[in-house]
Amino acid sequence: MSSENSSADDVRQVWDVVVVGAGPAGASAAYAAAVAGRRVLLLEKAELPRYKTCGGGIIGPSRDALPPGFELPLKDRVHAVTFSHNGRFTRTRRSKRMLFGLINRPEFDQQLVEHAQKAGAELRTGVAVSRVEQHGSAVPDRRTVAVVLQGGETVLARAVVGADGSAGRIGAHVGVKVDQVDLGLEAEIPVPETVAEDWRGRVLIDWGPMPGSYGWVFPKGDTLTVGVISARGEGAATKRYLEDFVARLGLAGFEPSISSGHLTRCRADDSPLSRGRVLVCGDAAGLLEPWTREGISFALRSGRLAGEWAVRIAEAHDAVDTRRQALNYAFAVKAGLGVEMSVGKRMLALFERRPGLFHAALTGFRPAWRAFRDITRGSTSLGELVRTHPMAQRALTAMDRRTVPSAPAAAEDAVSP
């Protein structure tokens, strides 16, 4: 276990904030709380660095949410996007300025954790949480939460942030509800220099054969990250899509160094973000952009908010004040990320029915490409775009009307590689 272990006499110490999960959301939360001068413990069940199934695209909002002085460990800088529709109608769009960067999650996550540690957070790895208790014998008073670890050890905190992923214990404790679960499959494929050179600075996005599905190729030096995502329940078809996709790209002859799969979950509109002194953020809260399935920026931004509000909850002296601060956290999340999610949900509903329309717009309609470019760079967001561009507003409303007959299905979300 790589940690500064508590000694026996420290067992009953009470941390201001305990963060469960050391991915981007948890590391951001730990950093935000530690920077505020609080005593913060960051718990992670794996040993770091560890692999995560993730495309690893760092768009503008992710970059803007990083701690000061954070240097992105970029493997490539993307200046071109090739779009295809199930392998056909291929067209590449280029940009003089960088659109977004590509990272490997193990080193990116590790670096975020190091920033949290430098800010004063203490890290314990190799520890899994079995449950959280806010009442009962393990809890000494109403201002304390007991985090019970596997093996029986109890860690006490004034506030807890759950960032332990979409199937984690803290989301279950809070009662997080999800609208739709998706299956992402990914392969890390080492390639010769000649192949790597062909992909340098360029990604591929392929609109897939199943409703709402798509595939991607993200180049990272001598390795290509190749993946696909589709609704859960289509496991065999999703696997076939990845196999066909890899073969079509001429990459079937190269042995993947890692093949992985991951279920991702997107929150329902009325899903809670807190319970008592416990907050959830990132994947644990089901916070992902429903259409593009982008999750890193949602993790970083919600993690920072959770860390800031956990500090306020740690200082709350009674249930009323605790509830007020938790509601303020929920409001902050919904006012920003929630707006983006609701627009993304509408975009997904249309994309499921008319992927060809999206492909035609992005490859042949300059304003659509400009919008894509500005969103990836972080100079605007989906929500901002719809709010400030009457044409985008009218187009989305018109498209909404066309999808009305299938409204119940349209209300379901998908989520992020």
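Residues numbered from 1 in each chain as written. Predicted model: local features only at pLDDT ≥ 70, side-chain atom pairs only at ≥ 80, totals over all residues. Heavy atoms only, no water.

Caption draft 1: The arrangement of unusual backbone geometry in detail. Cis geometry is adopted by the peptide bond preceding Pro49, which originates at Leu48 and carries an omega value of -5 degrees. Relative to the helices and strands, Pro49 is located in the loop between β2 (40-44) and β3 (57-58). Although it is not a glycine, Phe89 adopts a positive phi angle of roughly 55 degrees. Tracing the sequence through the fold places Phe89 in strand β6 (residues 88-94). (Helix = DSSP H or I, 4+ residues; strand = E, 2+ residues; numbered from the N terminus.)

Caption draft 2: Layout of helix α7 (residues 296-315). Taking 1.5 Å per residue as the helical rise, α7 with its 20 residues ought to reach 28 Å, and the 29 Å between its terminal C-alpha atoms agrees with that figure. The buried count for α7 comes to 16 of 20 residues, which makes it a mostly enclosed element. (Expected span 1.5 Å × (residues − 1). Buried < 20%, exposed > 50% of the residue type's maximum accessible area, 1.4 Å probe, protein only.)

Caption draft 3: A look at the state of the cysteines. Taken as a whole and assessed by the stated rule, the structure comprises 0 disulfides. Of all cysteine sulfurs, the one in Cys266 lies closest to Cys54, which takes part in no disulfide; the gap is 16 Å. The class of Cys54 is buried, set by a relative accessible area of 4%. (Disulfide = S-S within 2.5 Å.)

Caption draft 4: Broad picture of the packing of aromatic side chains. The final tally for this structure, using the stated rule, is 13 aromatic pairs. A centroid spacing of 5.5 Å and a plane angle of 85 degrees characterise the contact between Phe351 and Phe358, whose relative ring orientation is edge-to-face. This pair shows no difference in class: Phe351 is buried, exactly as Phe358 is. Aromatic ring contacts, followed pair by pair, group Phe83, Trp207, Tyr214, Trp216, Trp291, Phe351, Phe358, Trp369 and Phe372 into a single cluster. The ring of Trp199 is capped by Arg202, whose NZ or CZ atom sits 4.3 Å from the centre of that ring. In this structure, Arg312 packs its charged tip against the face of Trp309, placed 4.4 Å from the ring centre. (Phe/Tyr/Trp six-rings, centres within 6.5 Å; stacked < 30°, edge-to-face > 60°. Lys NZ or Arg CZ within 6 Å of the ring centre and 35° of its normal.)

Caption draft 5: How the structure looks around the UniProt feature "domain: FAD-binding" (unreviewed entry) in the protein. Under the present numbering, the feature "domain: FAD-binding" (unreviewed entry) in UniProt falls on residues 16-297. Helix makes up 21% of residues 16-297 and strand 37%. Its end C-alpha atoms lie 26 Å apart. (UniProt positions renumbered as here; feature names shortened; annotations may be inferred.)

Caption draft 6: Structural context of the nonpolar core. Val18, Phe108 and Tyr329 are the most contacted members of the largest nonpolar core, which has 70 residues in total. Considering each element in turn, this core owes the most residues, 11 residues, to α7. Those residues in contact with Phe108 that sit more than four places away from it in its chain are Pro24, Ile58, Leu66, Phe70, Leu72, Pro73, Ile103, Ile296 and Leu300. Of all hydrophobic cores here, the second largest spans 26 residues; its members include Leu102, Tyr214, Trp216 and Phe372. (Core = buried A, V, L, I, M, F, W, Y, C linked by side-chain atoms within 4.5 Å. Contact = heavy atoms within 4.5 Å.)

Caption draft 7: Inspection of the packing of helix α9 (residues 355-364) against helix α10 (residues 366-377) at higher detail. Contact geometry of α9 with α10 gives a least axis separation of 5 Å together with a crossing angle of 90 degrees. What the angle tells us is that α9 and α10 run roughly perpendicular. Between α9, through Ala361, Leu362 and Gly364, and α10, the contact on the second element is made entirely by Arg366, Ala368, Trp369 and Phe372. Residues that form the contact of α9 with α10 fall into these classes: 5 nonpolar, 1 polar and 1 charged. (Axes fitted to C-alpha atoms, helices over the stretch in contact; angles between N-to-C directions. Parallel < 35°, antiparallel > 145°, perpendicular 65-115°, else oblique. Nonpolar A, V, L, I, M, F, W, Y, C, P; charged D, E, K, R; others polar.)

Caption draft 8: Fine view of the pattern of salt bridges. As enumerated under the stated definition, the model contains 21 salt bridges in all. Arg63 serves as the salt-bridge partner of Asp64, at 3.2 Å between the closest nitrogen and oxygen. Its relative accessible area of 48% is what places Asp64 among the partly exposed residues. Residue classification places Arg63 among the partly exposed positions, given a relative accessible area of 39%. A salt bridge links Asp321 to Arg324; the nearest nitrogen and oxygen atoms lie 2.9 Å apart. With Asp321 and Arg324 both in helix α8 (residues 319-353) and 3 residues apart, this pair spans about one turn of that helix. Here the residues in one salt-bridge network are Arg50, Arg105 and Asp109, joined through shared partners. (Salt bridge = Lys/Arg side-chain N within 4 Å of Asp/Glu carboxyl O.)

Caption draft 9: Representation of the layout of surface pockets. In this model, the second largest pocket occupies a volume close to 770 Å³. Taken together, 38 residues form the lining of the second largest pocket, with Lys52, Ala163, Asp164, Gly165 and Ser166 sitting closest to its centre. For the lining of the second largest pocket, the elements supplying multiple residues, two or more each, are α1 (24-35), β2, β16 (258-267) and α7. Here the lining of the second largest pocket takes 3 residues from β16, the largest share from any one element. (1 Å grid on protein atoms, 1.4 Å probe; cavity = no way out; pocket = protein on both sides within 12 Å on 5 of 7 lines; lining within 4 Å. Points joined across faces, edges and corners; volume = space filled by probe spheres on them.)

Caption draft 10: Highlighting the pairing of β2. With 5 of its 5 residues buried, β2 lies for the most part within the structure. Alternating residues of β2 divide into Val40, Leu42 and Glu44 and Leu41 and Leu43, and every residue in both groups is buried. Direction of pairing for strand β1 (residues 14-20) relative to β2: parallel, over a ladder of 4 bridges. Following the sheet pairing, Val17 is matched in β2 by Val40. (Pairing = 2+ DSSP bridges.)

Caption draft 11: Layout of the sheet that holds strand β7 (residues 100-102). Ordered by their spatial adjacency, 3 strands build an open sheet running β3-β7-β4, and the pairing between neighbours is antiparallel. The open sheet terminates on both sides in strands that have one partner only, identified here as β3 and β4 (76-78). With 3 bridges connecting them, β4 and β7 associate as antiparallel partners. What sits directly across from Arg77, in β7, is Gly101.

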